[in-house]
Amino acid sequence: MKQLKSLFVIFLFAASTIFSQTEWTLDAAHSSVGFSVSHLVISETEGKFKSFDGSITSSSDDFEDAKITFTIDVNSINTDNEKRDAHLKSEEFFDAEKYPEMKFVSKSFKKKSGKKYVLVGDFTMKGVTKEVELDVKFNGVVKDPWGNTKAGFKVSGELNRFDYGLKWSATTEAGGLVVGKEVELEINIELTKKS
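Residues numbered from 1 in each chain as written. Predicted model: local features only at pLDDT ≥ 70, side-chain atom pairs only at ≥ 80, totals over all residues. Heavy atoms only, no water.

## Thoughts on the overall build of the protein
Here comes step 1: A count of helical and extended segments in the protein gives two helices and 11 strands.
Here comes step 2: Reading the protein from its N end, one meets helices and strands in the order α-β-β-β-β-β-β-α-β-β-β-β-β.
Here comes step 3: When the 195 residues of the protein are sorted by exposure, 38% land in the buried category.
Here comes step 4: For the protein, long-range pairs separated by at least 24 residues make up 55% of all intrachain contacts whose partners lie at least 6 apart in sequence.
Here comes step 5: Surface accessibility of the protein: about 12000 Å² in total, with carbon and sulfur atoms responsible for 53%. (Helix = DSSP H or I, 4+ residues; strand = E, 2+ residues; numbered from the N terminus. Buried < 20%, exposed > 50% of the residue type's maximum accessible area, 1.4 Å probe, protein only. Contact = heavy atoms within 4.5 Å. Areas by Shrake-Rupley, 256 points an atom, 1.4 Å probe, with all protein chains shown as cover.)

## As for the pairing of strand S8 (residues 116–125)
Here comes step 1: Across the 10 residues that make up S8, a large majority, seven, are buried.
Here comes step 2: As defined by bridge partners, S8 adjoins strand S9 (residues 128–143) across 10 bridges and the pair is classed as antiparallel. Within S9, the residue paired with Asp122 across the bridge is Glu131.
Here comes step 3: Adjacent in sequence and paired antiparallel, S8 and S9 are bridged by two residues, among which Lys126 carries a positive phi angle near 55°. (Pairing = 2+ DSSP bridges.)

## Comments concerning the packing of aromatic side chains
Here comes step 1: Within this structure, the stated rule accounts for 11 aromatic pairs.
Here comes step 2: Arranged with centres 4.9 Å apart and planes meeting at 50°, the rings of Trp24 and Phe63 form a pair that is tilted. Linking Trp24 in strand S1 (residues 22–26) with Phe63 in the loop between strand S4 (52–58) and strand S5 (67–73), this pair joins segments that are 39 residues apart in sequence. Each member of the pair Trp24 and Phe63 is classed as buried.
Here comes step 3: Ring centres of Phe138 and Phe153 lie 4.9 Å apart, and the angle between their planes is 20°; this geometry places the pair in the stacked category. With Phe138 in strand S9 and Phe153 in strand S10 (residues 149–160), the pair connects residues that are 15 residues apart, well separated along the chain.
Here comes step 4: An aromatic cluster of at least three residues, connected via ring pairs, comprises Trp24, Phe63, Phe109, Tyr117, Phe138 and Phe153. (Phe/Tyr/Trp six-rings, centres within 6.5 Å; stacked < 30°, edge-to-face > 60°.)

Now the structure itself:
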């Protein structure tokens, strides 16, 4: 009988944890996915992806251990240069026809201190999946003028494009890469709590 009671208590605890999860949707109109990469060693070229989507579930408004899924439409890349964008979509870089989507699935989301968090997850690009660690600044939760609960984040990190098969490479006279290996990420996210 005691075992049955214990099992029942465990079941209730597990059920309450599952049902207490809060869902958040991405507000794409107030979010952005940007990147920058060095050009000729001496400068940087910036770009963004115009189409992306994501979802988050959390057990509390501090988002500790939130579950995050995020996808990016590769064909929506925009560097303000059509010729360059077409090159980036080609087989030498993203091969967008064969791999039209990038995806991130979280493994952990931990608070470091104050507003600073560390996000770890699997990032898939051009058919290659690798674990990445990203820095996150949690900007807080507010109610907008229409009664919606909003949350905001700034995500930053660095990826080596060679790790994902984006290996097009040309060099300058001095031997530096025309396009750098390291890609800096700057992502701003605004979420809306599902009612």
